[in-house]
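Architecture and fold: a report
Residue-level listing of the chains:
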Amino acid sequence: MARSDRPLTRKLIRLGFRVLGRSRAHRQDIWPGLAIDRSSGRVTWRGRFLLTLCPSARFIPRGVPMIAVVGSGPSLKGQRIEDLGDHIAILCNGAASLARRIRPLAVAVEDERFVFRHHAMLATLPRDIPLLLSPAALRAWAERGTAPLQDRTVALIDNLERPVGAPRRGLSDPALRRIVLRGQKGALSLAPDEGVVITGTVAFSALQFALRAQPDRILLAGIDLTNDSQPRFYEGGDTIAPSGLASGLDRILSGFVLARHFAAKRGFGLTCASPVSALLTIGYPLDESLACKSSS
């Protein structure tokens with residue numbers, strides 16, 4: 001049965017910060033205890049140095065043959081993820097469990113609820129695997145103990161509309177004109193280290209980092225967006241975490257439509273390895289490179 005993974009104390013904190021008004025309510029992402037200096041990258045926890053953020057280019061290089069963005073959809077269970085090889089994939093949320101089978105470029109988490117539910121999975125990741133973390137995910141991790149975060153390579157998934165340490169703003173803000181590509185409906189960031197466009201799935205945030213690197217092609221795996229009532233590939237039938245994908249699907253798909261157009265104009269391909277993905281309905285070609293071979 002689906003249930004909320006946000007502790008009662010966090011729910012109360014979220015409610016309390018709404019009193020500050022819509023412009024600054026997102027300060028709850030780092031309160032209490034986390035401080036992030038965006039200019040220097042210095043991160044402190046309860047007044048003590050925790051880590052220094054780094055640019056994603058340090059671990060997601062430009063111009064490589066392929067980058068894979070791997071979600072945790074049910075379709076992944078029947079695919080040969082090892083065929084990706086090492087230093088190819090950005091693993092999102094529960095796909096972090098695949099780090100035992102392939103060495104990723106990075107692990108990406110932006111929802112604090114995933115950290116609350118699966119801290120043990122994240123804390124045991126080898127220290128040489130880089131992380132892409134939102135302010136809320138970073139704070140939630142630090143609340144559980146800072147030791148697993150020390151000596152890590154970490155880049156920030158900051159929300160362009162709700163930037164850490166600054167008031168809320170719209171994507172139409174003139175200050176963002178240089179780095180935000182806007183389509184008829186969706187939008188994406190051309191400079192994800194300065195912030196990304198959040199749609200409701202960390203896979204789209206990870207995709208913006210992959211697009212910045214402009215590889216020859218980007219493969220999307222485990223990004224189903226059609227079956228969020230089913231267990232993710234790493235979940236049991238009685239341990240399904242709640243999902244908001246269905247309610248936000250239009251916004252999510254609008255972002256992916258724009259990403260496909262952007263990639264096409266830049267001359268590199270975007271393909272989808274999930275045979276049940278909603279991405280196939282918006283023009284993403286099916287990529288069968290990870291499909292299990294027939295025994296016949």
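Please refer to the structure higher up on the page.
Treat the numbers as computed from the prediction; the structure is a model and nothing was measured.

**A few points about the sheet that holds strand β1 (residues 34-36)**
One open sheet holds the three strands; their spatial order is β1-β2-β3, and the pairing between them is antiparallel. Of all strands in the sheet, those bounded by a partner on one side alone are β1 and β3 (48-52). Going from strand to strand, the sheet's axes swing by 25 degrees on average, the running direction of each strand aside. In the sheet, β1 pairs with strand β2 (residues 42-45) via three bridges, with the strands oriented antiparallel. Of the residues in β2, the one forming a bridge with A35 is T44. On top of the sheet, helix α3 (residues 135-144) reaches β1, β2 and β3; it is set at about 140 degrees to β1, its chief contact.

**Observations regarding the environment of R100**
Mapped onto the fold, R100 is located in the loop between β5 (89-92) and β6 (106-109). With 25 residues separating them along the chain, R100 and L125 place their C-alpha atoms 8.6 Å apart.

**What about the sheet that holds β6?**
A sheet is described by the order of its strands in space; here seven strands give the open sequence β8-β7-β6-β5-β4-β11-β12, paired in parallel fashion. Edge positions in the sheet fall to β8 (154-156) and β12 (269-272), since each has one partner strand and no second. Put simply, the sheet's adjacent strands are angled 20 degrees from each other on average, direction ignored. Pairing analysis gives three bridges linking β5 to β6, with the strands arranged parallel. Following the sheet pairing, L91 is matched in β6 by V107. This element, helix α4 (residues 202-213), spans β4 (66-70), β5, β6, β7 (131-133), β8, β11 (217-221) and β12 of the sheet and lies at about 170 degrees to β4.

**Concerning the nonpolar core**
Core analysis: the largest hydrophobic core is formed by 47 residues, its most contacted members being V70 and L84. Core analysis: the next-biggest nonpolar cluster, separate from the first, contains 42 residues, I90, L258, F262 and Y284 among them.

**As for the packing of helix α2 (residues 112-123) against α3**
Following both chains from N to C, one finds α2 and α3 inclined at 55 degrees, their axes separated by 9 Å at the closest point. Relative to α3, the element α2 lies oblique. Crossing angle aside, the handedness with which α2 passes α3 is right-handed. Across from E112, V115, F116, H119, L122 and A123 in α2, the residues of α3 making contact are A136, A137, R139, A140, W141, E143 and R144.

**Examining unusual backbone geometry**
For N93, which is not a glycine, the phi torsion comes out positive at approximately 50 degrees. For N93, the location among the structural elements is in the loop between β5 and β6. Classification of N93 by relative accessible area gives buried; the value is 18%. Here D151, not a glycine, exhibits a phi torsion of approximately 65 degrees, which is positive. Residue placement: D151 occurs in the loop between α3 and β8.

**Some points on the pairing of β3**
Looking at chain direction, β2 and β3 are connected through four bridges and run antiparallel. Within the sheet, the bridge partner assigned to W45 lies in β3 and is R48. The hairpin turn running from β2 into β3, its antiparallel successor, is two residues long, and R46 in that turn takes a positive phi close to 55 degrees.

**Focus: the environment of I90**
Looking at the element boundaries, I90 is found in strand β5. Along the chain, I90 and V70 lie 20 residues apart, while their C-alpha atoms are 6.1 Å from each other. If sequence neighbours within four positions are ignored, I90 has contacts with I60, I67, A68, V69, V70, A106, A108, L132, A206 and A210.

Here is what the cut-offs are and how they apply
- Residues numbered from 1 in each chain as written.
- Predicted model: local features only at pLDDT ≥ 70, side-chain atom pairs only at ≥ 80, totals over all residues.
- Heavy atoms only, no water.
- Pairing = 2+ DSSP bridges.
- Helix = DSSP H or I, 4+ residues; strand = E, 2+ residues; numbered from the N terminus.
- Axes fitted to C-alpha atoms, helices over the stretch in contact; angles between N-to-C directions.
- Contact = heavy atoms within 4.5 Å.
- Core = buried A, V, L, I, M, F, W, Y, C linked by side-chain atoms within 4.5 Å.
- Buried < 20%, exposed > 50% of the residue type's maximum accessible area, 1.4 Å probe, protein only.
- Parallel < 35°, antiparallel > 145°, perpendicular 65-115°, else oblique.
- Left-handed = near helix turned anticlockwise from the far one by under 90°.

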